[in-house]
Amino acid sequence: MSSRAPAILVLEDGRVFRGAAYGSVGETFGEAVFNTGMTGYQETLTDPSYYGQVVAQTAPQIGNTGWNDEDDESRRIWVAGYVVRDASRTASNWRAERGLEDELAAQGVVGICEVDTRALTRHLRDKGAMRVGISSRSTDAEELLAKVRDTPQMAGANHVGAVTASEPYTYQAKGTPKYTVAALDLGIKRNTPRRLAERGITTTVYPAYATVDLLLDGNPDAVFLSNGPGDPATAEHQVELTRELLRRRVPVFGICFGNQILGRALGLETYKLKFGHRGVNQPVLDRHTDKIEITAHNHGFALKAPESGEYFDTEFGRVQVSHVCLNDGVVEGLTCLDAPAYSVQYHPEAAAGPHDADYLFDRLVELIENTRSNDSKGAKANA
Ligand SMILES: NC(=O)CC[C@H](N)C(=O)O
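Because the structure is a prediction, the values reported are computed rather than measured.

## Considerations on the site of the ligand
Link 1 in the chain: Around the ligand lies a shell formed by S49, N227, G228, P229, G230, P232, C256, F257, N298, H299, G300 and F301.
Link 2 in the chain: With four residues, the top contributor of residues to the shell around the ligand is strand β16 (residues 291-303).
Link 3 in the chain: Across the shell around the ligand, the residue classes tally to five nonpolar, seven polar and no charged.

Here it is in structure tokens:
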């Protein structure tokens, strides 16, 4: 028998799950989503893209490796609520500094455990992502349901301002600095500048509403558009900024939210997926190499596939849908054939996740090198 207080989870369609209090005691609301990763809960919880979402883990036991002070992907936990089946009673790992539940409580994250997360996930897969509430304060389902139906939808939500850095900061290259990148922080994860640093890139991270002049102030070799929470249809400022970068032929690499922004800048629309892709084992085909990579995902929106199929024409030239998800055919990446820009819908920084997509950071170095050599040819031709 659990010694925990009772808690309830109520979905906006009225389905109720009963469980026990986990983390902070209280009440919370958000969009119910599920993550299928067997590992990486610390990275999931601290990924700013989850802002506004109540995350259910399909892995049945969570918390086994506790919490450490090294694996946070940002400055705090962002999920609106946390749902697990079996909360590990002990933290057993040499790197653990404390238990997961201590950290959830310390950061005020309301959760629920002892929930049939398998049934919850099947429900969300059938009915689609929807709003949810968790309460360990009252177990009155009717009362909670009314509150759930009053909370804002994820569609139309602009959450970038809540997670972005307030001031620019710089992350130094490892070894000899070779290149510089300006990263637009829409909810960036720490492993991104780390992956760039490995390749001799110094990254300056800018707040999401930086102007193009501020972003290009240090004359960076490329601009990186990060992942982030909310509906990409609301990212007007960032789409306009990207269009300006394309006009100026600045190399651009976008991931996740950044892919949606590049796609919109190229004239594509975004739409809400039924239940999204969240986990660390999503198969993606890279059409450049015909290789399949196993990748880390966390997205609830996607770019509408162009009617013409793999290639489409834009005011910035021809573009290829370079990556597709093999589970459902969703657009997972774009490569501009006439402009120095490309993007993927997933997380090549892979924290947590397999490292198959690491080559995408090498492509950035190639793109920078090619742009530099074209510029110097152009400069010579103009001399
Ligand atoms: N990880 C991300 O960048 C997510 C992008 C966007 N918020 C979505 O859910 O699709």
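## Some words on the UniProt feature "domain: Carbamoyl-phosphate synthase small subunit N-terminal" (unreviewed entry) in the chain
Link 1 in the chain: Residues annotated by UniProt as "domain: Carbamoyl-phosphate synthase small subunit N-terminal" (unreviewed entry) correspond here to residues 5-135.
Link 2 in the chain: Between the C-alpha atoms that bound residues 5-135 the distance is 10 Å, and the span itself is 18% helix and 34% strand.

## Notes on the nonpolar core
Burial of nonpolar side chains together is a common tendency in soluble globular proteins.
Link 1 in the chain: Core analysis: the largest hydrophobic core is formed by 104 residues, its most contacted members being L9, V79, V83, L184, A222, V223 and V252.
Link 2 in the chain: The residues contacting A222, other than those within four sequence positions of it, are V181, V250, P251, V252, F253, L364, L367 and I368.

## Here we look at the domain arrangement of the chain
Link 1 in the chain: Looking at the chain, the domain boundaries give domain 1 (6-148) and domain 2 (160-379).
Link 2 in the chain: The straight-line distance from the C-alpha centre of domain 1 to that of domain 2 is 29 Å.
Link 3 in the chain: The interface of domain 1 with domain 2 comprises 21 residues on the first partner and 23 residues on the second.
Link 4 in the chain: At the level of elements, β3 (27-35) and α3 (117-127) are the ones that each hand at least two residues to the side of domain 1 that touches domain 2.

## As for the sheet that holds strand β6 (residues 81-83)
Link 1 in the chain: Strand order in the closed barrel formed by seven strands is β1-β2-β8-β6-β4-β3-β9, and the pairing between neighbours is mixed. Neighbouring strand axes in the sheet, compared pairwise and without regard to direction, differ in orientation by 35° on average.
Link 2 in the chain: In terms of strand pairing, β6 meets strand β8 (residues 110-113) through two bridges, oriented parallel. Looking at the pairing, Y82 lines up with G111 of β8.
Link 3 in the chain: Of the strands in this sheet, β2 (16-23), β3, β4 (53-57), β6 and β9 (130-135) touch α3, which is tilted by about 125° from β4.

## Thoughts on helix α9 (residues 257-265)
For an α-helix the count is 3.6 residues per turn, leaving residues at separations of three or four pointing the same way.
Link 1 in the chain: Taken across its nine residues, α9 has nine buried, putting it largely inside the fold.
Link 2 in the chain: Turning to α9, its buried residues are F257, G258, N259, Q260, I261, L262, G263, R264 and A265.
Link 3 in the chain: Immediately beyond the C-terminal end of α9, within one or two residues, lies G267, with a positive phi of roughly 105°.

## Side note on the pairing of β9
Within a regular beta strand, the side chains point alternately toward one face of the sheet and then the other, so they alternate between its two faces.
Link 1 in the chain: The element β9 is largely enclosed, with a buried count of five among its six residues.
Link 2 in the chain: Sheet analysis places strand β1 (residues 6-11) next to β9, joined by four bridges and oriented antiparallel. Looking across to β9, one finds that L9 is bridged to I134.
Link 3 in the chain: Note: β3 against β9, six bridges, orientation antiparallel. Bridge pairing in β9 links A32 to M130.

## A short note on the environment of T202
Link 1 in the chain: With respect to the helices, strands and loops of the structure, T202 is situated in strand β12 (residues 201-207).
Link 2 in the chain: In this structure the C-alpha to C-alpha distance between T202 and K174, which are 28 residues apart in sequence, comes to 8.1 Å.
Link 3 in the chain: In contact with T202, other than residues within four places in its own chain, are T170, Q172, A173, P177 and T180.

Conventions adopted
Residues numbered from 1 in each chain as written. Predicted model: local features only at pLDDT ≥ 70, side-chain atom pairs only at ≥ 80, totals over all residues. Near = placed C-beta within 6 Å. Helix = DSSP H or I, 4+ residues; strand = E, 2+ residues; numbered from the N terminus. Nonpolar A, V, L, I, M, F, W, Y, C, P; charged D, E, K, R; others polar. UniProt positions renumbered as here; feature names shortened; annotations may be inferred. Core = buried A, V, L, I, M, F, W, Y, C linked by C-beta atoms within 7 Å. Buried ≥ 20, exposed ≤ 12 C-beta atoms within 10 Å, placed from the backbone. Contact = placed C-beta atoms within 7 Å. Domains from an automatic or database assignment. Pairing = 2+ DSSP bridges. Axes fitted to C-alpha atoms, helices over the stretch in contact; angles between N-to-C directions.

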